[in-house]
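Residue-level structure breakdown
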Amino acid sequence: MDLEFFNSSSSSSSSESDYEILFSTTNFFFRYNDLEFLEHFRVRRHIANNLTIHFEASPEFNDTIGRHGKIPAYNQILIFLWFAGHQTASFRNVADWFGITISSLFRVVRRLTHFISRMASTIITWPNEEEKQSYFFQIKGFPNVIGAIDGSHIRIDKPSSDPDSYYNRKKYFSIHMQAVCDHRNKIRNIYIGFPGSVHDARVFRRSPLATNLGILCQENVILGDKAYSCLRNLITPFEDNGRLSRQQINFNKTLSSCRYVIEHCFGLLKQKFRQLYHCKLRKIEHIVHFIRAYCVLHNLAIDDKFQIIIENEDEINNGDDLQLDDDNVEGDIPEGTTYKNYLMQRMFP
């Protein structure tokens, strides 16, 4: 097993059969009511059950048969969800809590990370034509808006290779995650993996979303902050040079009130799955899958329409990765500027 998947290591080489001895004495989660289950595992019980059904049929689960058997699929799902939602718990604490060895915990988290990450193609999808017609943004006064785009930084330990490129402007090591979300905070597009020192605008320019934005949006738009270039389908605020007109000021205020959904989305994501506050994995490839897996779980929870257990509202509203990029390094595209002016005249005649 590749223990470099984590920053910690274990000398234990016992098989997963230890669940027969230990796990059976710690089935505390079966006693949880629905609210307690949601608080500890961050999704409702039926989502965990559905994940178990799919996991049991997956190659990740069926390739894990050892000499003495393996941890049941449902137990592995619960271990992963518990690990996802508890930032401060060490690997030792989680392993002890579930009565398994640290090496078994490593394997569970690794295989569930890749299993759930593979679900992204069906869970994280661009909105269809009906979903693009959001009354939320129309009521706020901004027409034809699909959602908002921004970048978030996932803190990591110092990488062994090219660490300087991962050192961001807030002076910690991170991996960049670009996302578009809709008015429900559902993630509609993600692009993960650039080092933390890379500017939002460059990440966007290199992403598949930039290449296909016109086809995906057609007559609609997504909203971004001033770090991005203004394009026909990506609308950003007017630069505040101290001489903005009343129309431009009102336009910026309306855009900001709509674009807030992406900041709230990142806050919810990290509040629910607190391992994203500081990812302890080592290999960048695994970290990318790790982040993507949590985005999948986030969308499953959003579609489930449950009320999230908010432990700290300030963490959601004031995430430490907001406004990392405060300038447009590439300049606006003339077509984007023209369309932005047209929208301003339409919204504030």
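Residues numbered from 1 in each chain as written. Predicted model: local features only at pLDDT ≥ 70, side-chain atom pairs only at ≥ 80, totals over all residues. Heavy atoms only, no water.

Re the nonpolar core
Core analysis: the biggest nonpolar cluster contains 85 residues, and Phe 142, Met 177, Ile 235, Phe 251, Ile 291, Tyr 294 and Leu 297 have the highest contact counts within it. Considering each element in turn, this core owes the most residues, 11 residues, to helix α14 (residues 284-304). The contact partners of Met 177, leaving out residues within four places of it in the chain, are Asp 150, Gly 151, Ser 152, Ile 187, Ile 190, Tyr 191, Ile 192, Phe 266, Leu 269, Ile 291 and Cys 295. Ile 146, Phe 204, Leu 213 and Tyr 228 belong to the second largest nonpolar core, which has 11 residues in total. (Core = buried A, V, L, I, M, F, W, Y, C linked by side-chain atoms within 4.5 Å. Buried < 20%, exposed > 50% of the residue type's maximum accessible area, 1.4 Å probe, protein only. Helix = DSSP H or I, 4+ residues; strand = E, 2+ residues; numbered from the N terminus. Contact = heavy atoms within 4.5 Å.)

Concerning helix α3 (residues 45-56)
With 12 residues, α3 should reach 16 Å at 1.5 Å per residue; the first-to-last C-alpha distance of 17 Å fits that figure. Residues Ile 47, Ala 48, Leu 51, Thr 52 and Phe 55 constitute the buried set of α3. Across the axial projection of α3, the buried residues extend over an arc of 140°, all falling on one side. On its buried side, α3 packs onto α2 (34-41), α4 (59-62), α5 (73-85), α7 (102-117) and α14. (Expected span 1.5 Å × (residues − 1). Arc of directions from axis to C-beta.)

Quick word on the packing of α3 against α7
Axis separation between α3 and α7 bottoms out at 11 Å; the angle between their running directions is 95°. Here α7 runs roughly perpendicular to α3, going by the angle between their axes. On the side of α3, the interface is formed by Leu 51, His 54 and Phe 55, while α7 contributes Arg 111, Leu 112 and Phe 115. (Axes fitted to C-alpha atoms, helices over the stretch in contact; angles between N-to-C directions. Parallel < 35°, antiparallel > 145°, perpendicular 65-115°, else oblique.)

Details of the pattern of salt bridges
For the structure on display, the rule yields 12 salt bridges. Arg 188 is paired through a salt bridge with Glu 131; the nearest N and O atoms lie 3.4 Å apart. One end of the pair, Arg 188, is in strand β3 (residues 187-195); the other, Glu 131, is in helix α9 (residues 129-132), and 57 residues separate them in sequence. For Arg 188, a relative accessible area of 4% gives the class buried. (Salt bridge = Lys/Arg side-chain N within 4 Å of Asp/Glu carboxyl O.)

Quick notes on the sheet that holds strand β4 (residues 221-223)
The five strands are arranged β3-β2-β1-β4-β5 in an open sheet whose pairing can be described as mixed. Each edge of the open sheet is held by one strand with a lone partner, namely β3 and β5 (234-235). With two bridges connecting them, β4 and β5 associate as parallel partners. Bridging from a neighbouring strand, Leu 223 pairs with Ile 235 of β5. Packed onto the sheet, α14 meets β1 (145-155), β2 (174-181) and β3 and runs at close to 165° relative to β3. (Pairing = 2+ DSSP bridges.)

Describing the environment of His 298
Inspection of the secondary structure assignment puts His 298 in helix α14. Given the relative accessible area of 0%, His 298 is considered buried. In this structure the C-alpha to C-alpha distance between His 298 and Lys 186, which are 112 residues apart in sequence, comes to 7.6 Å. For His 298, the residues in contact, after removing those within four places along its chain, are Asn 185, Ile 187, Cys 265, Leu 268, Leu 269, Lys 272 and Phe 273.

Description of unusual backbone geometry
Apart from glycine, the bulk of residues carry a negative phi angle, and the bulk of peptide bonds sit in the trans form. Even without a glycine there, the phi angle at Arg 42 is positive, about 70°. The residue Arg 42 is located in the loop between α2 and α3 in this model. Located in the positive-phi region is Lys 171, a residue other than glycine, with phi close to 70°. The topology assignment puts Lys 171 in the loop between β1 and β2.

A few points about the pairing of β2
When you tally the buried positions in β2, you get eight out of eight residues, the bulk of the element. Alternating positions in β2 separate into two faces, Ser 174, His 176, Gln 178 and Val 180 on one and Ile 175, Met 177, Ala 179 and Cys 181 on the other, with burial throughout. As paired elements, β1 and β2 share eight bridges and run antiparallel to each other. Across the sheet, Ile 154 pairs through a bridge with Ile 175, a residue of β2.

Some remarks on the confidence of the model for the protein
Note that predicted coordinates carrying low pLDDT should not be read in detail. With 82% of its residues at a pLDDT of at least 70, the protein reaches an overall mean of 85. Segment residues 1-15: pLDDT under 50, and 45 contacts once partners within four positions in sequence are set aside and those in other chains are kept. Under a pLDDT of 50 for its full length, residues 17-26 has, in the predicted model, 22 contacts with residues more than four places off or in other chains. (pLDDT = per-residue confidence, 0-100.)

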